[in-house]
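So the chains spell out like this:
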Amino acid sequence: MDLGIKGRKAIVCAGSKGLGRGCAMALAQAGVEIVLNARGADALAATANEIMAATGVTVTPVAADITTPEGRAAVLSEAGEVDILVTNAGGPPPGNWRDWSRDDFIAALDANMLAPIAMMQAVLPAMIEQRWGRVVNITSQSVRAPIAQLGLSNSARSGLTGFVAGTSRQVAEYGVNINNLLPGLHATDRAVSLDTAAAKTKGISVEEAKAQREATIPVRRYGTPEEFGATCAFMCSVHAGFMVGQNVMLDGGLNNISI
Ligand code: NAP
């Protein structure tokens, strides 16, 4: 399928690894020029080079912390006006409700709610002006099926989801579509860190913890960044013009939610 976005320009936040990288690669394969962000400059440059070599499109790396105003300013000033925005950042650590301080919540809100909102506020006016735009926010299955130990994530991402539910309806008439993409368990560094935490809690090996989690998924495996990226690219395509404010879950069937 021709996604109809060749020659468009995208910002992909937090995209040197994992799901963000998968989204950047899939958009580049569709002919989209990428401004790619992450904090670590070396991994970011390596990923940018890999995507350019694989696709032939221009990928401009901007090493910056997307959760800070300075980091966002660096990304936005390099990118200029864009057609597509993929928001993302690292997820908050797991834990217990007794231990989370106000500062822990503020950090989670900054990373997983206020940063994507600020990025949308920055790019939406130009998208509205040109009567076309796409925003995909990488959130989590925990928005629809909250996971107890990910309370910081549940809280921050629910706030973002509420913002998107309203704002997506306010910009849809201008050809600007905002949706959320909700990962279930995917084979990335984040999954390894969650497996490691589960192994520690249960006193088992990381491999056993992974196997236990895979067994709970109807497809019996973790999702891949490639599958995730392909879905993201479709949501950024010309074919997704009737998709507004949706929370698209990619979880291999883990969460038995009928609607
Ligand atoms: P990952 O493999 O750990 O990759 C995270 C990427 O984000 C890296 O490129 C990292 O590079 C970058 N990053 C992290 N913090 C950043 C910041 N403050 N500013 C800029 N870049 C930043 O993680 P992932 O699995 O792709 O997860 C992506 C998101 O999906 C996370 O929010 C995660 O919680 C959520 N999620 C993942 C899963 C899963 O199974 N993988 C499931 C549910 C939700 P640097 O460290 O160099 O900055």
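For the structure itself, look to the data block above.
Reading the values: rules and limits
- Residue numbers here run from 1 along each chain, matching the order of that chain's written sequence.
- Local features in this predicted model are restricted to residues of pLDDT 70 or higher, and side-chain atom pairs are both shown and tallied only at a pLDDT of 80 or more, whereas totals for entire chains, interfaces and linings draw on every residue.
- With hydrogens and water excluded, all non-hydrogen atoms of the structure serve as input to the side-chain values.
- Proximity is defined per residue: any heavy atom of the residue falling within 4 Å of a molecule or strand makes that residue near it.
- The definition of a polar contact used here is a pair of N or O atoms within 3.5 Å, where within protein one atom must be able to donate a hydrogen and the other to accept one, and adjacent residues in sequence count solely through side-chain atom pairs.
- A 1.4 Å probe and the Shrake-Rupley method give the accessible areas. Residues count as covered only by the protein chains that appear here.
- Lys, Arg, Asp and Glu make up the charged group, whereas Ala, Val, Leu, Ile, Met, Phe, Trp, Tyr, Cys and Pro make up the nonpolar group; the residues left over, Gly among them, are polar.
- Counting rule for disulfides: a pair of cysteine sulfur atoms within 2.5 Å.
- Partly exposed residues are those whose accessible area sits between 20% and 50% of the maximum for their type, while under 20% is buried and over 50% is exposed, using a 1.4 Å probe and protein chains only.
- What counts as a salt bridge is simple: a side-chain nitrogen of Lys or Arg found within 4 Å of a carboxyl oxygen of Asp or Glu.
- The secondary structure listing takes helices from DSSP runs of H or I that are at least 4 residues long and strands from runs of E that are at least 2 residues long, numbered from the N terminus.
- Our arc is simply the arc of the directions from the helix axis toward the C-beta atoms.
- The term nonpolar core refers to a set of buried residues drawn from Ala, Val, Leu, Ile, Met, Phe, Trp, Tyr and Cys, joined through side-chain atoms within 4.5 Å.
- Residues are treated as being in contact if the distance between any of their heavy atoms lies within 4.5 Å.

Draft legend 1. How the structure looks around the site of the ligand. Around the ligand, the structure places 28 residues, and the nearest of them are Ser16, Leu19, Ala89, His186 and Thr188. Contact between the ligand and Ala14: an oxygen atom at 3.4 Å from a main-chain N or O atom of the residue. Here an oxygen atom of the ligand sits 2.8 Å away from a polar atom, N or O, in the side chain of Arg157. For the ligand, whose free accessible area comes to 880 Å², the fraction covered by protein is 90%. The residue makeup of the shell around the ligand, split by class, is nine nonpolar, 13 polar and six charged.

Draft legend 2. Representation of the state of the cysteines in the model. Taken as a whole and judged by the stated rule, the model has zero disulfides. Sulfur of Cys13: no disulfide; nearest cysteine sulfur belongs to Cys23 and is 11 Å away. Overall, Cys13 belongs to the buried group, its relative accessible area being 1%. Considering cysteine sulfurs only, Cys232 is the nearest to Cys23, which forms no disulfide, with 3.5 Å between them.

Draft legend 3. Representation of the pattern of salt bridges within the structure. Per the stated rule, a full pass over the model turns up six salt bridges. For Asp195, the salt bridge identified is with Arg213, shortest N-O distance 2.8 Å. One end of the pair, Asp195, is in helix H6 (residues 189–202); the other, Arg213, is in helix H7 (residues 206–215), with 18 residues separating them in the sequence. Accessibility classification places Asp195 together with Arg213 in one group, the buried group. Close ionic contact of Lys210 with Glu214 constitutes a salt bridge, the shortest N to O distance being 3.2 Å. Of the two residues, Lys210 and Glu214 are both situated in helix H7; the distance of four residues between them amounts to about one turn of the helix.

Draft legend 4. Broad picture of H7. Restricting attention to buried positions, one finds in H7 the residues Ala209, Arg213 and Glu214. The arc that holds the buried residues of H7, viewed along the axis, is 135°, so those residues lie on one side.

Draft legend 5. Structural detail: unusual backbone geometry. One non-glycine residue, Ala14, adopts positive backbone phi at about 50°. Tracing the sequence through the fold places Ala14 in the loop between strand S1 (9–12) and helix H1 (18–29). Taking relative accessible area as the criterion, Ala14 reaches 21% and is therefore assigned partly exposed. Of note, Arg131 is a non-glycine position whose phi angle comes to about 60°, a positive value. Summarising the element assignment, Arg131 is placed in the loop between helix H4 (102–130) and strand S5 (133–138).

Draft legend 6. Representation of the nonpolar core in the model. Membership of the largest hydrophobic core comes to 32 residues, with the highest contact counts inside it found for Ile5, Leu27, Ile34, Leu36, Ile84 and Val86. Only S1, H1, strand S2 (33–38), helix H2 (41–55), strand S4 (84–87), S5 and helix H8 (225–235) provide two or more residues apiece to this core. The dominant element in this core, judged by the number of residues it contributes, is H1, at seven residues. Aside from chain neighbours lying at most four places away, what touches Leu36 is Val12, Gly15, Ala24, Leu44, Thr47, Ala48, Ile51, Val59, Thr60, Pro61 and Val62. Core analysis: the second largest hydrophobic core is formed by 29 residues, Ala79, Met120, Leu124 and Val164 among them.

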